[in-house]
Structure formats: structure tokens, C-alpha cells
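# Structural characterization, general
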2 protein chains.
Amino acid sequence: MAAKRLSLADSFFLNAESRDAYMHVAMLHRYALPEGAGPEWVGQMVARMKTYPVDQSPFNLRLRTGVGSKVAPAWEPDERIDIDYHLRHAALPHPGGERELGVLISRLHSQPLDKNRPLWECTVIEGLHDGSFALYFKIHHALMDGMSGSRTMSRCLSPDPSNLDMPAFWAMPPLKRASAAVPKAIAESAQALARTSVLSVLGQSFRAWMRMLRAAPESGLIGPYRSPSCSLNAVVSPQRRFATQSLPIDRMKAVAERAGGTLNDIVLAVCATALRRYLLEQGDLPAKPLVSSIPVSLRTREEAGEGNGISLALASLGTHIADPKARFQHIKASMQANKDLLGTMTKPALTLYTNLLMAPFMIGQMTGLAARTKRPMYNTMVSNVPGPMEVLYLNGARLLSAYPVSLIFNGQALNITLLSYDGHLHFGFTACRVALPHVQKIAVYLGEALAEIEQDLGSEGRVTAA
Amino acid sequence: MAAKRLSLADSFFLNAESRDAYMHVAMLHRYALPEGAGPEWVGQMVARMKTYPVDQSPFNLRLRTGVGSKVAPAWEPDERIDIDYHLRHAALPHPGGERELGVLISRLHSQPLDKNRPLWECTVIEGLHDGSFALYFKIHHALMDGMSGSRTMSRCLSPDPSNLDMPAFWAMPPLKRASAAVPKAIAESAQALARTSVLSVLGQSFRAWMRMLRAAPESGLIGPYRSPSCSLNAVVSPQRRFATQSLPIDRMKAVAERAGGTLNDIVLAVCATALRRYLLEQGDLPAKPLVSSIPVSLRTREEAGEGNGISLALASLGTHIADPKARFQHIKASMQANKDLLGTMTKPALTLYTNLLMAPFMIGQMTGLAARTKRPMYNTMVSNVPGPMEVLYLNGARLLSAYPVSLIFNGQALNITLLSYDGHLHFGFTACRVALPHVQKIAVYLGEALAEIEQDLGSEGRVTAA
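Residues numbered from 1 in each chain as written. Chains lettered and ligands numbered in written order. Predicted model: local features only at pLDDT ≥ 70, side-chain atom pairs only at ≥ 80, totals over all residues. Heavy atoms only, no water.

## Regarding the overall build of chain A
- Looking only at helices and strands, chain A features twelve helices and 15 strands.
- Here chain A, with 466 residues, has 58% of them falling under the buried criterion.
- For chain A, the share of sequence-separated contacts (at least 6 apart) that also reach a separation of at least 24 residues comes to 78%.
- If you sum the accessible surface of chain A, you get close to 18,200 Å²; carbon and sulfur atoms cover 55% of it. (Helix = DSSP H or I, 4+ residues; strand = E, 2+ residues; numbered from the N terminus. Buried < 20%, exposed > 50% of the residue type's maximum accessible area, 1.4 Å probe, protein only. Contact = heavy atoms within 4.5 Å. Areas by Shrake-Rupley, 256 points an atom, 1.4 Å probe, with all protein chains shown as cover.)

## Quick word on the UniProt feature "transmembrane region" (unreviewed entry) in chain A
- Summarizing the sequence annotation, UniProt attributes the feature "transmembrane region" (unreviewed entry) to residues 352–371 of chain A in the numbering used throughout.
- Between the first and last C-alpha atoms of residues 352–371 of chain A the distance is 26 Å; the span itself is 80% helix and 0% strand. (UniProt positions renumbered as here; feature names shortened; annotations may be inferred.)

## Quick notes on the relation of the copies chain A and chain B
- Mapping chain A onto chain B is achieved by rotating through 180° and translating by 0.0 Å along the same axis, at an RMSD of 0.0 Å. With respect to symmetry, the two chain copies, as superposed, fit the operation of a two-fold axis. When C-alpha positions in chain A are compared against the rotation axis, the closest is assigned to Ala91(A), at 2.7 Å.
- When the interface residues of chain A are mapped onto chain B, 100% of them are again interface residues, pointing to one common binding face. (Least-squares fit on C-alpha atoms with pLDDT ≥ 70 in both.)

## Topic: the environment of Met335(B)
- Positionally, Met335(B) belongs in helix 10 (residues 324–342).
- Placed 21 residues apart in sequence, Met335(B) and Leu314(B) show a C-alpha to C-alpha distance of 8.1 Å.

## Here's the deal with the pattern of salt bridges
- All chains considered together, the criterion is met by 35 salt bridges over all chains.
- Across the salt bridge formed by Glu121(A) and Lys138(A), the nearest N and O atoms sit 3.9 Å from each other. Placement of Glu121(A) in strand 6 (residues 120–126) and of Lys138(A) in strand 7 (residues 132–140) is noted, with a sequence separation of 17 residues between them. Each of the two residues, Glu121(A) as well as Lys138(A), counts as buried.
- Linked through salt bridges whose partners overlap, the residues forming this network are Asp82(A), Asp114(A), Arg117(A), Arg241(B) and Arg433(B). (Salt bridge = Lys/Arg side-chain N within 4 Å of Asp/Glu carboxyl O.)

## Observations concerning the packing of helix 9 (residues 263–281) of chain B against helix 10 of chain B
Residue and element names in this part refer to chain B.
- The N-to-C vectors of helix 9 and helix 10 enclose an angle of 125°; their axes lie 10 Å apart at closest approach. By the angle class used here, helix 9 and helix 10 are oblique. The crossing of helix 9 and helix 10 is right-handed. Contact residues: Asn264, Asp265, Ile266, Leu268, Ala269, Ala272, Thr273 and Arg276 in helix 9; Arg327, Phe328, Ile331, Lys332 and Met335 in helix 10.
- When the residues that make up the contact of helix 9 with helix 10 are grouped by side-chain class, the tally is seven nonpolar, two polar and four charged. (Axes fitted to C-alpha atoms, helices over the stretch in contact; angles between N-to-C directions. Parallel < 35°, antiparallel > 145°, perpendicular 65-115°, else oblique. Left-handed = near helix turned anticlockwise from the far one by under 90°. Nonpolar A, V, L, I, M, F, W, Y, C, P; charged D, E, K, R; others polar.)

## Describing the interface of chain A and chain B
- Chain A puts 29 residues into the contact, and the matching count from chain B is 29 residues.
- Together, the buried faces of chain A and chain B total about 2,600 Å²; carbon and sulfur atoms form 44% of this surface.
- For the interface between chain A and chain B, the tally reads four salt bridges.
- The partner of Asp82(B) in a salt bridge is Arg241(A), and the shortest N-O contact between them spans 3.9 Å.
- Put simply, the parts of the chain that give the side of chain A that touches chain B at least two residues each are helix 3 (83–86) and strand 5 (87–91) of chain A.
- A total of four residues in the side of chain A that touches chain B trace back to one element, the largest contributor, which is strand 5 of chain A. (Buried area = accessible area lost by both parts, 1.4 Å probe.)

## Side note on unusual backbone geometry
- A cis amide bond links Ser57(A) to the next residue, Pro58(A), at an omega of 0°.
- Mapping Pro58(A) onto the fold places it in the loop between helix 2 (41–50) and strand 3 (61–63).
- A cis amide bond, omega 5°, links His94(A) with the succeeding residue Pro95(A).
- In this fold, Pro95(A) is placed in the loop between strand 5 and helix 4 (98–109).
- At Tyr225(A), a residue that is not glycine, the phi angle is positive and equals roughly 65°.
- On the secondary structure map, Tyr225(A) appears in the loop between helix 7 (198–213) and strand 8 (240–248).
- Residues other than glycine seldom take positive phi values, yet Asn395(B) does so here, at roughly 50°.

## A closer look at the sheet that holds strand 1 (residues 4–5) of chain B
Residues and elements named next belong to chain B.
- With antiparallel pairing, three strands are arranged side by side in an open sheet as 1-4-3. Two strands in the sheet have a free side with no partner beyond their single neighbour: strand 1 and strand 3 (61–63).
- Note that strand 1 and strand 4 (residues 74–77) share two bridges and pair antiparallel. Of the residues in strand 4, the one forming a bridge with Arg5 is Ala74. (Pairing = 2+ DSSP bridges.)

## Some words on helix 8 (residues 249–259) of chain B
Residue and element names in this part refer to chain B.
- Taken together, the buried positions of helix 8 are Ile249, Met252, Val255, Ala256 and Ala259. Angularly, the buried residues of helix 8 cover 135° about the axis, an arc narrow enough to put them on a single face. Turned more than 90 degrees off the buried face of helix 8, the exposed positions are Asp250 and Glu257. (Arc of directions from axis to C-beta.)

## Some remarks on the sheet that holds strand 1 (residues 4–5) of chain A
- Strand order in the open sheet formed by three strands is 1-4-3 (chain A), with antiparallel pairing between adjacent strands. Of all the strands in the sheet, just strand 1 and strand 3 of chain A have a single pairing partner and so form its edges.

## Examining the packing of aromatic side chains
- Counted by the stated rule, this structure contains 28 aromatic pairs over all chains.
- On the numbers, 5.0 Å between centres and 85° between planes, the contact of Phe361(A) with Phe409(A) is edge-to-face. In this pair, Phe361(A) sits in helix 11 (residues 347–367) while Phe409(A) sits in the loop between strand 13 (397–405) and strand 14 (414–421), placing the two residues 48 residues apart along the sequence. Accessibility assignment for this pair places Phe361(A) and Phe409(A) in one class, buried.
- Taking 5.2 Å as the distance between ring centres and 55° as the angle between the ring planes, the aromatic pair formed by Phe59(B) and Phe169(B) counts as tilted. Of this pair, Phe59(B) sits in the loop between helix 2 (41–50) and strand 3 while Phe169(B) sits in the loop between helix 5 (146–155) and helix 6 (184–195), and the two are 110 residues apart along the sequence.
- Given the relative accessible area of 3%, Phe59(B) is considered buried. (Phe/Tyr/Trp six-rings, centres within 6.5 Å; stacked < 30°, edge-to-face > 60°.)

## Description of the side chain of Asp20(B)
- If you trace the backbone, Asp20(B) turns up in the loop between helix 1 (8–15) and strand 2 (24–32).
- Here Asp20(B) occupies a buried position and makes no salt bridge, while the nearest side chain of opposite charge, Arg19(B), is found at 4.6 Å.
- Reaching out from Asp20(B), the side chain makes a polar contact with the side chain of Asn116(A) at a distance of 3.0 Å.
- For Asp20(B), the residues in contact, after removing those within four places along its chain, are Asn116(A), Val236(B), Ser237(B), Pro238(B) and Arg240(B). (Lys, Arg positive; Asp, Glu negative; His and termini not counted. Polar contact = N/O pair within 3.5 Å; in protein donor to acceptor, adjacent residues only side chain to side chain.)

## Some words on the packing of helix 8 (residues 249–259) of chain A against helix 9 (residues 263–281) of chain A
All names here are of chain A.
- Axis separation between helix 8 and helix 9 bottoms out at 8 Å; the angle between their running directions is 100°. As summarised for this structure, helix 8 and helix 9 are arranged roughly perpendicular, according to the angle between their axes. For the pair formed by helix 8 and helix 9, the contact residues are Ile249, Met252, Lys253, Val255 and Ala256 on the first element and Leu263, Ile266, Val267 and Val270 on the second.
- Along the lines of polarity and charge, the residues of the contact of helix 8 with helix 9 split into eight nonpolar, no polar and one charged.

See below:
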């Protein structure tokens, strides 16, 4: 295979990377040791995984070096892959609890990948007190986004606990890349314009763009860079803290139904409740509502036959509202306004619109200007990644949970990404260690927020907007 | 305390640092768990260490940021030190043997320090199968050299096993910095010139310099950049491998006496024997002898009343000679020629001479030119650091061994540093993972080399030069 140029969207993640914000993402899997597994079980599994050659894209690709590699980065196959670098075996110190695991994951996620090698690492972690082990898989966002990372991990698992010879994920044929990465849209817009009526596309996206920019606060639409500033929007340092929380999907769905909203509305509501409580406690809650950036996949107008499109909603989290019911209605209305706006467009128009929306942010990150501005494009990202719904096994070890560990940007010190698996939503909170030393509290408050919302919204049956 | 400018020598280690060669050094201590210590002992010790505030120089100093910080780097006290970042608790996976420890140390030493914080980390490692635990202390060479690192670690230990309340090293008053760092000499030369007869200093160092450059190979003197090239002199990658070996000092001294050499001659002889065997095996032994760079502390001519001076010997390791006795005599003669040359100078002249010797190397590292040249200044560094000779304890845990983990430069893929403690010389081999994937073999061969030399040199009593 010859060298392969990176797309504009992928190279964004190389260009935006700095010593203070590494652009890798990860997945954290937790597995139950099979019955009767001895202390050597994990080591033997690691040894078995190492027998699979790293010969599949993108796991065998490294950045090409030499003249022009900075201007036009490209991948090339690495012929001398050192599996002991990529697959690591580690352990937690005594007592091997959630705290020790959180510390290790935070530390692993704070370390850069070696740019001379294929940009991924996988660490198998033993020494958990409860008879489980963990798997942390880290990959540069220029190679793979979080959704593909999740799909990659699932592919080497089996719904059959007796299946003991699934190959390692780096030895499986390439995955068709999911088009979930918002910045990827930039690369697609020129093609999209070529395929359809240019004037119609420009008209649609321009109208949507102006509608958003001119929107009054009560419309539920919020323009970029209209967010208040708080500790979530600090200049970041390279050290991360990672916290997790999981919520049962059936409880979330039940309360969504009673409240007349979607599952996603409840996801935003629990995030908003937790963030409001955390910032109030820190004396740092802005008077204006926090704005969340939410990647959305939308069924667009079908005239161009393009199917689903990917864009970004900027929704108010209603954190200025003390009353839980009113806050929920506010969030729901803001999401609906976003969907109404985005739904007016065909896919090419949506793509162009998304590019207009993201361009200043991407330029800010690549030039380092984002570290010098006090006005954030949004306050925090809340990203919902679909995961496998059936129970899966790794060599007979049951997958208990799967948490996304994401990346943060300068001026964006908190990322909330959640993944669905086995009846639960698994929330991963990835934060700057300096800006958010107590991110663990947000995770705890999120767990308590669901119970609060159930009580507030559920006791009187279906809630209607005032 | 106000900001404090870095000396020219210290800032060399910031300027020479690249993504492929981080400029930190470390110490690896191994301790026996006290009798009756349970699984919580190490964690409790870590918790106790964390109670000491990080308020002493250099442990509380970070690099000043802002305008001019790259041109004129300076230290400033960090008022918000996060001890959980600096002091870490880790564990080895099953079976917790030497291999697992080597893998973890190699990995820790491959990771950069966070430049936003004081440039040091300390990791306490449990899970060793033999009832011991380890302590890995890493610090940037711009803050401290290996000798000071060793002294720092020793200061928080006690010869009394019942002493259970020694403070952590970061809470002890600053150490007077040892003047062992060769590059530091540059900063001193201007002062030295001001204190003594300029013409005499220039004359001495110029004569010594010319004598070395004009020396014939059989004189034992070797000029810089006259070394052969081999895998020890590859362009390095950021990943390290670390290997260790320890040799009893009494056996080394006995064979030195029988052979009519010094302890240091035997150190070089075992290194030479191991390197020759390794390179022969790899089909990579140069026809010309390998050249070792050896930091030396010399009693200089006393006319300026300056006492000991620090310089660098470039000695032949005689690796082209198959006969062990002849090789030993060759090494001994080369070291003697170096001492004779360096001994002709007063301390100021020695300092100037050392600067002349080191300047091209330092410039090569700082500009990145070292990565593009095929001619190394020397082949490998062999550095002998004096350590504590009495048995020491950390909160009742006996220090079993102390290994230096050093740094390598571009074009210098192997560093051998040894430290004396409790009757043994502890050799640490720090190598580039790509250039020297089998550095472990060199450590094994070093152990076997002593037995070979004992047999070859010892059987006939005292050896005399042919």
C-alpha cells in the first residue's frame, strides 16, 4: 500500500493537537473474569492476543515522515510493528477499587501517543478487587472517531460466551468508517455542492444560518459564541481526570415518556441538573444558561436522496432555571427548535451549514487562538454514541460496561460522552485535571439527578408545558 | 521567591529535548517490605508521604511561561502543586517478576514530564512477587543531574530501620548542587578566566586540545568524532528499554588488583566485553574500537587552589581485540593517557578544555543536526555515580538496590550508568527501544563478563603489559 493522504477533517485533529490537548479518544471496557479463572488468566489472554499480526488498516498505519509531512500529512504502513508497545498489560495497586481504576485511566489518557508509530495503544488492566478486569483502548482521532472506536471494540467480541477464538481487533479487515465526525463534513461539502443545485443549497443553509444568528433567546436557538463563560471553559492543561456513571435506559425512557420528551431530552436534563448543582456549589453558575453542543444525526429532506445527515445542535441546558419541570421544558423546547431548524435542509445544505458553524472553532483550535479568547463557542459537549445492545463476551469474559473516554479542546475543559450497552447508558466524563479537579462530583450528581427528575416529573403523571 | 533564570548548562537540557529524546533522568530503588507488612503497607506509606507539602526547591519550581520564556527560561515557584500528580502508586501485573518491572520502568521512562508543572514524578510500585516494592523517581535534567538525584533519594532514608518518620525528599531543604554535570562547566568558564591568568589558561587548554587532536591511535588518546558507527549510534525514537545488572564490588576490586588496574578499568573492561559480544552476535562490531565517553572527576594542578575538576575522558574500549588480556591492557592504557592529558591542566584550563570538547555535541543536539550526521562523537557513555555505601531504610524497609535510569541523545542510543551501594555496583542500561531491542542481552553478558575476566586475568596472578 502506498502512502495515503489524510482528509482535511482527519488532519484537523493533528493540527489542533498541542502539548496541552492531545487529540486521542478511548474506550474503557470492564469484563467479568470467567468462572474459575486463575491469576494467570489475563496474562494468557494478552499473550494470545499478541499472536495476531498487526496487518490491518488503520492499526498498521503510521504518519509518513520527511519533506512535506507537516503540510500534507499522509499515512503509510509500518512494516516493523512492535506489538509489545501497542498491547500493554498493567495492574491496579491495592485495594483495586473504582478509585484506583479512575486514577490509572486518567493517567493513561494524559499521555501522548508516540508519533513514530501507529497511533493507538491498548492496555489490559488486572488487579480489580471484584473479579473483573478492564481494557482501555486509545486511538488518535485522526485515525478513528469515538463511534468507530466503539464498533471496533465490539467486533472482536462475541454474543456467545463459549467462543474463545475471536481474533484481536487489529487483525480484522477494515471497518467502513462511520460518518459521525462532524469536522469530516468539511471535506464532503465540495462534493455535495457538485451533486446538487448550488443555489438551492446555498439558499437553504444561508437561511438556516441567519435564522440561528438572529434568533431571540426565547426561541430556543442559540448562535455560536453566545455562551456564558465559567470553569468549564478554561484554558486546558495536559492532565485529565476521568469519571463515570451509568443509568438504566428503562428508567430514563419511562421518565421521558411521562414527561412528554425523548430519551435524549432526559439525557440533557440529567446533565443540566448535575452541572447546575456542581457550578452552584463552586459559586460559578453563570446567570445565562449553559449551552451544550450536541452532535445529531438527522433524517434530512429527501429531495437529494441523501438519507441521514450529521450536524451539531447548540442547545440551552436551562441551568439558570431553578424549577426542575420548567428546566426540562426549556431544554426540550431548545432541542426541538434545533431539530426544526436543521430539518429544513437537505443533506448538502446541512453539510455546508455545519461547516459554517464549525469553521471558527476549528480555526481557533489550530491557530491556538482558542486559548486566548474568553468567549466559548459552547460550554460543554454532550455526545450520545450508540453501542451494542446485546450482551457480548471477550473469550468467555462477559462485557459488563463500556465507557467512552473522549478528548477536550482548549477552552472546552469538559466532555460528556455516553454509550448505550446492555440496558444502560454509560456516561464518561473527560475533564482537564486543573480546571475541573472535582469532576467526580458531576458524575455522582448525575446519578442523583435521575432520581430527582423521576420524583419531580413522575409524581404527577405526564407534564405539559406551562 | 522571584523567578530564577536557568544557567546555560541547565537550559541545554531544555533546548536539546525533542519528541524523540526526553531529557529526564531517574533512579530505581528496590526495597524489602518490612516483616509482617500487609497488602495495605505500601498504600499507607504513599498516603503518609503525601502529607508532606511540596515547598522546597527544586521540587516546587516550574518553568515560567509567557513572553521570553523560550529565549531565557526561568524557574518560578508553583503555588498550586497537585501532589497526586507527582506521587503515584502503581502495581505490576501477575507474576510480578523482573520482566514485568522492566517493562513498567521502560514505559514510565518513555513518557514526557508535564511542562506546566514542577518537572518530576515519583512512582511507588507494588505487586512484586518477592515481597519487595520499588520506587521510581524521575526528574528533568534541567533541574537535577543523576548524582544529585541519587543524593536526594538517599537523604530521605535512614541507616536506622526503626526510624519511621523521615520526611519526603521534596520537603527537605535544598541540596547544594553537585558540580558533576559536565555542561555546567560552560557557565563556569567565564568566571574561571576572570580569576586567573588568561594566557596561562588558554595555553594549557590549547596544548591539551591539540595533543588530543593530533594523537596517534596507539597513544590511547582519541579525538571527538573519531569513533566508528554502529547500532549504538542510531537516530533515537522516544521509547526506551531499561535493563539492569549488579556486580559485587569486592570481586571487581580483587580482579582489578590482580590485573594491575583500577576498579574503573575493570568497569570499562566488563562493559567492553559485553558490548563486543553483543555487537559480534548482531554482525555489527566495527573494525575500529568503540569509544566510550566517561565523566571524570580529577584532582587538578593546585596552582589556582581549585581542587577537583570535572571533565570527560574519551577512552577506547578495545572492542577490536579478541584476547581479553590484551583488551584489558589496551583499555587501561587509554584511560591512563586520558588522565595524563587532563592532569596537565589547572581547573580553569580543564573547564575551558571540556567546553571545547563538548560544544559541537551540544550544538548538534540543540539544532537537531545530530540526527543527520553519521559520525558519532563517541559510541556510548559509561558513567560511574557514587552512591551510599551503608545500608539504608525507608520507613523500616531495607533498600536492596539502587539503579540509575539515564537519558540518551540522538545518535547515542545507549547509556550505561552505574551506582555503588551496599557492596555492589548497580548498572542501569538505558537504551532506545528501536535501535537496541535486545539491550537486555548486554546486561546479561555484563554479568558473565566478570566471571570471564576473573578467569582470564586471575588464573596467572598479576598480569603485566606485554
